[in-house]
Amino acid sequence: MAIRLHLRAFWCFISVLLLTVAMAMVWGPGATARGGSVPLAPPPGTLAVSLHASLPLHITGPKVAPSDAQCRAQIGVPCYSPQEIRQAYGLTPLLNKGYTGAGQTIVIIDSYGSPTLEADLAVFDADFGLPAPPSLKVLAPLGTVPFDPSNNDMLGWAEETSLDVQWAHAMAPGAGIVVMTSPVSETEGVQGLPEFLQLEQYAVNHHLGKIVSQSWAATEETLLTTSGRAVMAQFNAFYRQSTLRGVTFLGSTGDSGTANVAVDGSTYPYPTVNFPAISPWVTAVGGTSLYASTTGAYQSETVWNDGIGSATGGGVSKATAEPFYQRLLPRQDQRILAGQRAVPDISFNADPNTGVLVHLGFLGAGNNGYYIFGGTSEGSPAWAGVVADLNQRAGFALGFLNPTLYALGAAKLIYPAVLHDVTVGNNAQPPIAGFSAGAGWDAATGWGTPKLSGFADSFIRQAARSASSGLNGR
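Residues numbered from 1 in each chain as written. Predicted model: local features only at pLDDT ≥ 70, side-chain atom pairs only at ≥ 80, totals over all residues. Heavy atoms only, no water.

K.L.:
What is the right way to read the overall build of the chain from this model?
P.N.:
Per the secondary structure count, the chain includes 12 helices and 20 strands. For the chain, the residues scored as buried account for 61% of the 474 residues in total. The long-range share in the chain, meaning contacts at least 24 apart out of those at least 6 apart in sequence, stands at 79%. For the chain, the accessible surface area stands at approximately 15,500 Å², while carbon and sulfur atoms represent 58% of it. (Helix = DSSP H or I, 4+ residues; strand = E, 2+ residues; numbered from the N terminus. Buried < 20%, exposed > 50% of the residue type's maximum accessible area, 1.4 Å probe, protein only. Contact = heavy atoms within 4.5 Å. Areas by Shrake-Rupley, 256 points an atom, 1.4 Å probe, with all protein chains shown as cover.)

K.L.:
Explanation requested: the state of the cysteines in the structure shown.
P.N.:
Here a disulfide denotes a covalent bond joining the sulfur atom of one cysteine to the sulfur atom of another. Under the defined criterion, the tally for this structure stands at 1 disulfide. Each sulfur of the disulfide joining cysteine 71 and cysteine 79 lies 2.1 Å from the other. Judged by the sign of its S-S torsion, about 90 degrees, the cystine formed by cysteine 71 and cysteine 79 is right-handed. Here cysteine 71 matches cysteine 79 in class, with each residue buried. (Disulfide = S-S within 2.5 Å.)

K.L.:
Would you mind going over the packing of helix 5 (residues 117-128) against helix 6 (residues 152-171) with me for this structure?
P.N.:
Any two packed helices are characterised by the angle at which their axes cross and by the distance between the axes. Running from amino to carboxyl end, helix 5 crosses helix 6 at an angle of 40 degrees, the nearest separation of the two axes being 10 Å. Relative to helix 6, the element helix 5 is oriented oblique. The way helix 5 lies across helix 6 gives a crossing that is right-handed. Counted together, Leu117, Asp120, Leu121, Phe124 and Asp125 of helix 5 and Thr161, Ser162, Val165, Gln166, Trp167, His169 and Ala170 of helix 6 form the full contact between these two elements. Residue composition of the contact of helix 5 with helix 6, grouped by class: 6 nonpolar, 4 polar and 2 charged. (Axes fitted to C-alpha atoms, helices over the stretch in contact; angles between N-to-C directions. Parallel < 35°, antiparallel > 145°, perpendicular 65-115°, else oblique. Left-handed = near helix turned anticlockwise from the far one by under 90°. Nonpolar A, V, L, I, M, F, W, Y, C, P; charged D, E, K, R; others polar.)

K.L.:
For this particular structure, what's the right way to read helix 7 (residues 193-205)?
P.N.:
Since one α-helical turn is 3.6 residues long, residues separated by three or four positions face the same way. The terminal C-alpha atoms of helix 7 lie 18 Å apart, and with 13 residues this matches the ideal 18 Å at 1.5 Å per residue to within 8%. Considered for burial, the residues of helix 7 that qualify are Leu193, Phe196, Leu197, Leu199, Glu200, Ala203 and Val204. Each buried residue of helix 7 lies within a common arc of 160 degrees when the element is viewed along its axis, so the set occupies one face. Here the buried face of helix 7 lies against strand 5 (105-111), helix 6, strand 7 (176-182), strand 8 (211-214), helix 8 (226-243) and strand 10 (248-252). Where helix 7 ends, the next residue or the one after it, histidine 207, has phi of about 55 degrees, a positive value. (Expected span 1.5 Å × (residues − 1). Arc of directions from axis to C-beta.)

K.L.:
Quick question: what am I supposed to make of the packing of aromatic side chains here?
P.N.:
As enumerated under the stated definition, the model contains 22 aromatic pairs in all. Taking 6.2 Å as the distance between ring centres and 70 degrees as the angle between the ring planes, the aromatic pair formed by phenylalanine 147 and phenylalanine 362 counts as edge-to-face. Residue phenylalanine 147 is located in the loop between strand 6 (136-139) and helix 6, and its partner phenylalanine 362 is located in the loop between strand 17 (355-360) and strand 18 (369-374); the two are separated by 215 residues in the primary sequence. We classify phenylalanine 147 as partly exposed; its relative accessible area is 28%. Residue classification places phenylalanine 362 among the buried positions, given a relative accessible area of 8%. Plain terms: the ring middles of phenylalanine 238 and tyrosine 239 are 6.0 Å apart, the flat faces sit at 45 degrees to each other, and that makes the pair tilted. One aromatic cluster in this structure is built from Trp157, Phe196, Trp216, Phe235, Phe238, Tyr239, Phe249 and Phe275. (Phe/Tyr/Trp six-rings, centres within 6.5 Å; stacked < 30°, edge-to-face > 60°.)

Shown next as structure tokens:
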């Protein structure tokens, strides 16, 4: 679920961009703005949406990362650095106090992985002044397949893996990272899901880390079959048992708004949501458009929706009943839920037009370099980094986040000190209806985005209360 803009010579790009904008967006084969398998990035200078809603905007030129000011001046969009995102979401004070995720490990689940993962992270760290992680391991207990640079799907997964690792690390530079790769691509329906479940079970059973980021999804509707319901039930049983061991699961809600696809690539003509975000034991991460200055000063946010196919996922599940913590939502929200699970729970920046920089080194000479990424798969690893920082500060694993999050919301302790309440925009993809943002929780951005300088202590105090009552799975 990543949206990618790759940066190519600033001085040439304006004319390319103008030509590109005049053209319709080009969709990759079977495209559905959804995390997981992604087709090959289009050639430099084209604008396209893939399975991750990747929007490549390629700039070769400088050997180092472009500055946000350069991006705004040359291509008209920001390209946020780790320092800017940290500042905008209030993480800088925590990091300055030494809460960097030290002693924590983030587990990232992807198909295939990236052949240049370690080298790309080293470039990213050098350019942004970040320390190397204490450990970066890539494990493939189910086996591997050779990387094929002509395989669109593998290239897309390599993009996803790069985004996941670089931005989990950006938010928690002191945390270790374990990347678990599958030799099978997750697409739609049950394809790839049994393998992902095995990887997550391996990670938990081998005590590899307490935080699991899942920047992938399958349309719920494709899982409303006998085999699909069985695999969802297996995941949910595993998630529930793992939360009892203090594990936090995060999942991206998707990049197509309410317009998700079937196994054959056709779009369902009614609102749909994605799994595993809809699991009652997963914290679902939606997406916003974040507006901040070049120093990272927060200005405003809206629901991410470009109006032409890409938007934050969000809505109401058909398969999953309303979990206990969402029963704390007020009557007007209960009318939307109608007894079912709704997502997202929280959000993070996701708009490629307010995107973040990622270094890719596997695309070949002339194409390697920095790209601007968006998509809700920016949010899942970034929130995983945040949880690592909070775990360190708390002195215990926060585990299942949702009971604490909704308890704070019900007690009206979230705004304005703890979270940004995103109240503008919707995730509709006409003619398919969507959900509008509003005061408090909504099915477009959940409870909103973090104000971590205030969020940390409030959340930790409430999490301790939830832990004492057994509500957060600890």
